[in-house]
Amino acid sequence: MRTFDLTPLYRSAIGFDRLASLLEQRGEPSYPPYNIELVSEDNYRIVMALAGFTRDEVEIVTERDTLHVTGRKQKDETQRTFLHRGIAARDFEQRFQLANHVKVTAASFDNGMLTIELVREVPEAFKPRKIAIGDGNGNTHNVQALEQREAA
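All chains use their own residue numbering, which begins from 1 and follows the written sequence. Totals for whole chains, interfaces and linings use every residue, but because this is a predicted model, local features are given only for residues with pLDDT of at least 70 and side-chain atom pairs only at 80 or more, for both listing and counting. To get the side-chain values, take all heavy atoms of the structure and skip hydrogens and water.

## Some remarks on the overall build of the protein
Line of reasoning, step 1. A run of H or I in DSSP counts as a helix once it spans at least four residues, and a run of E counts as a strand once it spans at least two, with each numbered from the N terminus. Scanning the protein for helices and strands turns up two helices and eight strands.
Line of reasoning, step 2. Within the span of the protein, comprising 152 residues, buried residues form 26% of the whole.
Line of reasoning, step 3. Residue contacts are defined here by distance: any two heavy atoms, one from each residue, within 4.5 Å place the two residues in contact. Across the protein, the fraction of contacts at a sequence separation of at least 24, relative to all contacts at a separation of at least 6, is 50%.
Line of reasoning, step 4. Summing over all exposed atoms, the protein offers an accessible surface of approximately 11500 Å²; the carbon and sulfur share of this is 48%. Exposed residues in this analysis have more than 50% of their type's maximum accessible area, buried residues have under 20%, and partly exposed residues fall in between, with area computed by a 1.4 Å probe over protein chains only. Areas reported as accessible are Shrake-Rupley estimates using a 1.4 Å probe. Residue values count occlusion only from the protein chains shown.

## Describing the pairing of strand 4 (residues 58–63)
Line of reasoning, step 1. Note on pairing: DSSP must find at least two bridges between two strands before they are called paired. Of the pairings in the sheet, the one linking strand 4 to strand 5 (residues 66–71) comprises six bridges and is antiparallel in character. In the strand pairing of strand 5, Thr-62 is matched with Leu-67.

## Digging into the pairing of strand 2 (residues 34–40)
Line of reasoning, step 1. With six bridges joining them, strand 2 and strand 3 (residues 43–49) adopt antiparallel strand pairing. Bridge assignment links Ser-40 to a residue of strand 3, and that residue is Asn-43.

## Some words on the pattern of salt bridges
Line of reasoning, step 1. Throughout this description, the term salt bridge denotes a Lys or Arg side-chain nitrogen within 4 Å of a carboxyl oxygen of Asp or Glu. Scanning all chains against the criterion turns up five salt bridges.
Line of reasoning, step 2. The partner of Glu-37 in a salt bridge is Arg-45, with the nearest N and O atoms 3.2 Å apart.
Line of reasoning, step 3. Arg-45 sits in the partly exposed class, given a relative accessible area of 24%.
Line of reasoning, step 4. Arg-95 serves as the salt-bridge partner of Glu-93, at 2.7 Å between the closest nitrogen and oxygen.
Line of reasoning, step 5. By relative accessible area, Glu-93 is classed as partly exposed at 36%.
Line of reasoning, step 6. Residue Arg-95 is classed as partly exposed on the basis of its relative accessible area of 37%.
Line of reasoning, step 7. Through salt bridges that share partners, Glu-37, Arg-45 and Glu-117 make up one connected network.

## Describing the sheet that holds strand 3
Line of reasoning, step 1. Judged by pairing direction, the sheet is antiparallel, and its four strands sit side by side in the order 2-3-8-7 without closing on themselves. Sheet topology places strand 2 and strand 7 (102–110) at the edges, where each strand pairs with a single neighbour. Each neighbouring strand pair of the sheet contributes to a mean axis angle of 20 degrees, computed without reference to strand direction.
Line of reasoning, step 2. In this structure, strand 3 lies alongside strand 8 (residues 113–120), joined through seven bridges in antiparallel fashion. Within strand 8, the residue paired with Asn-43 across the bridge is Val-119. All axes are obtained by fitting lines to C-alpha atoms, using only the stretch in contact for helices, and the reported angles, taken between N-to-C directions, cover 0 to 180 degrees.

## Some remarks on the packing of aromatic side chains
Line of reasoning, step 1. Two rings from Phe, Tyr or Trp (for Trp, the six-membered ring) form a pair when their centres sit within 6.5 Å of each other. Planes less than 30 degrees apart are called stacked, planes more than 60 degrees apart edge-to-face, and all others tilted. Counted by the stated rule, this structure contains three aromatic pairs.
Line of reasoning, step 2. On the basis of an interplanar angle of 85 degrees and a centroid distance of 5.1 Å, the ring pair of Tyr-34 and Phe-96 is categorised as edge-to-face. Here Phe-96 lies in strand 6 (residues 92–98) and Tyr-34 lies in strand 2, a separation of 62 residues in the sequence.
Line of reasoning, step 3. The exposure class of Phe-96 is buried, given its relative accessible area of 0%.
Line of reasoning, step 4. Ring geometry for Phe-53 versus Phe-92: centroids 5.3 Å apart, planes at 80 degrees, classification edge-to-face. Highlighted residues: Phe-53 in the loop between strand 3 and strand 4 and Phe-92 in strand 6, separated in sequence by 39 residues.

## Thoughts on the nonpolar core
Line of reasoning, step 1. Met-48, Leu-50, Leu-67, Val-69, Leu-114 and Leu-118 are the most contacted members of the largest nonpolar core, which has 19 residues in total.
Line of reasoning, step 2. Aside from chain neighbours lying at most four places away, what touches Met-48 is Pro-32, Pro-33, Tyr-34, Val-69, Phe-92, Gln-94, Phe-96, Gly-112, Met-113 and Leu-114. Buried residues of nine kinds, namely Ala, Val, Leu, Ile, Met, Phe, Trp, Tyr and Cys, make up a nonpolar core once their side-chain atoms join them within 4.5 Å.

This is the structure in structure tokens:
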């Protein structure tokens, strides 16, 4: 029987930490390096190391449930002879699959580090609600009345 390592799936899926299965995923790009942090129960942070990029060369776009981070280096007209070239200066496109109700709230770029703040905002209609159980004598509690009592 085959076993699957799901670790790579959680590297680029924000807000899916509560779900056991995320099957649709393709190969993980390794450039640029990034971290995904769980700041609190519903707050996340993506930090990307973008050495050599400027704020104007980076674009962040959200479309439905996908976060796109794109970097386009401007052409350097200076001729250089490298003895060792360890700093990548290539364009990139990184996509992160976002769970339902996860939104980008802020982004900042400082000292070559791009930080993207995300939050999961579940609408009240989708939050769990408690249902009262009747006592067996035909006395059942109205769900709406129970919710109003708990809100008070």
